[in-house]
Amino acid sequence: MSRAVLGLDTSNYTTSVALFDGADGRNVGKLLEVPEGGLGLRQSDALFQHVKRLPELVQQLADRENLNTVQAIGASTRPRAVEGSYMPCFLAGTSQAEALACVLKVPFFACSHQQGHLAAAAWSAGRLDLLDSPFLAWHLSGGTTELLYVEPEGCNVKARVIGGTSDISAGQLIDRAGLLLGLQFPAGKALDALYDQETKASSFKVKLQGLEFSLSGMENKVKAMVQGWEQPAAVARFTLDTVADVVVRATKQAQQDYPGLPVLCSGGVASNSRLRQAMSEQCGAIFAQPQYSTDNAMGVAILTHRALEKEELG
């Protein structure tokens, strides 16, 4: 790759490093190790794993690509691009990216984890043009279920929350359902695999207030199903159908409130096959390729490349 940039992302779930040259890229990443029966990690533990893994992942990328051409380095420095957004695990990627930029004498550019998700989703869907005009987006992950109004801001994007959950996220509901079923965290892929083993449709119509909804009551219903000895496949189908139903209804309402805007779906939960089918068919939603729905550094690298281009143009 000529004229490439490097991106680092150290989220609460995955360590990732990516190279991007303006058209093509490569991402390498590794899920953090969560003890069996656990629902995530303490920030100190996540930070420790990131610090240990980043050199290994950079080496993996260097074994496949020529890093001597790197012209800039970027990192996700916080969860969202809003005041007060902070999470210690992002210090790992930020500090190592800044150090590398200093040694290589190339510029460093910062973005948020959420902005990276949106850029990776748009690029992997073949719609990088979305970043240059307003659009609607879902950030659906283990810690976030936000419906966003997104508009361009320089070489990056500015996201404003217009809806989503008022309590636990869709990813938390899915992971907690998985824990109750004895599945390994994160449980999204395992529930997805169980889904088709149950043919009977089963979901709950979560109340929608404007564009906002609550999922905490669904956790109680899932617990009751497990305690009532419902089959794991039935629990998986209930959980995923319930999430898909309320996300679709909120999206349809947003499309009425903001007519004509495309809808982009990003975040790990957006890789769920049931959600992808429902949102694509009923809302015309645009999805990242599954490997770029989950946490990755590709979006960080894409935004770094855009920032470099803007700096050079003056």
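Details of the structure are given in the entry above.
From a predicted model like this one, the values you see are computed outputs, not experimental measurements. (Residues numbered from 1 in each chain as written. Predicted model: local features only at pLDDT ≥ 70, side-chain atom pairs only at ≥ 80, totals over all residues. Heavy atoms only, no water.)

Peer 1: Got a sec to walk through the overall build of the protein? Specific residues and values, please.
Peer 2: Across its full length, the protein holds ten helices and twelve strands. Against the globule reference of 20 Å for 314 residues, the protein gives a C-alpha radius of gyration of 19 Å, in line with a compact fold. Split into buried and exposed, the 314 residues of the protein put 51% on the buried side. Taking the intrachain contacts of the protein between residues at least 6 apart in sequence as the baseline, contacts between residues at least 24 apart amount to 69%. (Helix = DSSP H or I, 4+ residues; strand = E, 2+ residues; numbered from the N terminus. Rg over C-alpha atoms; globule rule 2.2 N^0.38 Å. Buried < 20%, exposed > 50% of the residue type's maximum accessible area, 1.4 Å probe, protein only. Contact = heavy atoms within 4.5 Å.)

Peer 1: I'd love a proper account of the packing of aromatic side chains, names of residues and values included.
Peer 2: A full pass over the atoms with the stated rule returns five aromatic pairs. Taking 6.4 Å as the distance between ring centres and 50° as the angle between the ring planes, the aromatic pair formed by Trp 138 and Phe 213 counts as tilted. Highlighted residues: Trp 138 in strand S6 (residues 135-140) and Phe 213 in strand S10 (residues 212-213), separated in sequence by 75 residues. Joined through ring pairs, the aromatic side chains of Phe 20, Trp 123 and Tyr 292 make up one cluster. (Phe/Tyr/Trp six-rings, centres within 6.5 Å; stacked < 30°, edge-to-face > 60°.)

Peer 1: Before we move on, could you go through the side chain of His 305 and cite the residues and values that matter?
Peer 2: Structurally, His 305 is set in helix H10 (residues 298-313). Residues within four places of His 305 in sequence aside, it is in contact with Arg 3, Val 5, Phe 20, Asp 21 and Gly 22.

Peer 1: Outline the sheet that holds strand S11 (residues 263-266), listing residues and values.
Peer 2: In spatial order, the strands read S9-S10-S8-S7-S6-S11-S12; together these seven strands make up an open sheet with mixed pairing. Each edge of the open sheet is held by one strand with a lone partner, namely strand S9 (208-209) and strand S12 (286-287). Summarising the sheet, S6 and S11 pair through four bridges and their orientation is parallel. In the sheet register, Ala 137 faces S11, and the bridge partner there is Leu 264. Sheet strands touched by helix H3 (residues 113-124): S6, strand S7 (145-153), strand S8 (156-165) and S11. Its angle to S11, the strand with the most contacts, is close to 115°. Helix H7 (residues 232-257) rests against S6, S7, S9, S10 and S11 of the sheet, and its axis sits at about 160° to S6. (Pairing = 2+ DSSP bridges. Axes fitted to C-alpha atoms, helices over the stretch in contact; angles between N-to-C directions.)

Peer 1: Residue-level account of a nonpolar patch on the surface, with values.
Peer 2: Residues Leu 100, Val 103 and Leu 104 make up a contiguous nonpolar surface patch of roughly 260 Å² in combined accessible area. Its place among the elements puts Leu 104 in helix H2 (residues 90-104). (Patch = residues over 30% accessible without salt bridge, like charges linked within 9 Å, V, L, I, M, F, W, Y side chains within 5 Å. Areas by Shrake-Rupley, 256 points an atom, 1.4 Å probe, with all protein chains shown as cover. Salt bridge = Lys/Arg side-chain N within 4 Å of Asp/Glu carboxyl O.)

Peer 1: Could you give an account of the pairing of strand S4 (residues 70-78), naming the residues involved and the relevant values?
Peer 2: Two elements, strand S1 (residues 4-10) and S4, share four bridges in a ladder whose sense is parallel. Looking at S4, one finds that Leu 6 is bridged to Ile 73. As paired strands, S4 and strand S5 (residues 108-112) are joined by five bridges and run parallel to one another. From the neighbouring strand, Gly 74 faces S5, where its bridge partner is Phe 109.

Peer 1: With reference to specific residues and values, describe the sheet that holds strand S3 (residues 25-31).
Peer 2: A sheet is described by the order of its strands in space; here five strands give the open sequence S3-S2-S1-S4-S5, paired in mixed fashion. The open sheet has two free edges, formed respectively by S3 and S5, since each of these has just one partner strand. Neighbour-to-neighbour, the strand axes of this sheet turn through a mean angle of 20°, independent of strand direction. Pairing geometry for strand S2 (residues 14-20) and S3, over seven bridges, is antiparallel. In the sheet register, Thr 14 faces S3, and the bridge partner there is Leu 31. Along the sheet face, H2 touches S1, S4 and S5 and points at about 160° away from the line of S4. Along the sheet face, H3 touches S1, S2, S3, S4 and S5 and points at about 90° away from the line of S5.

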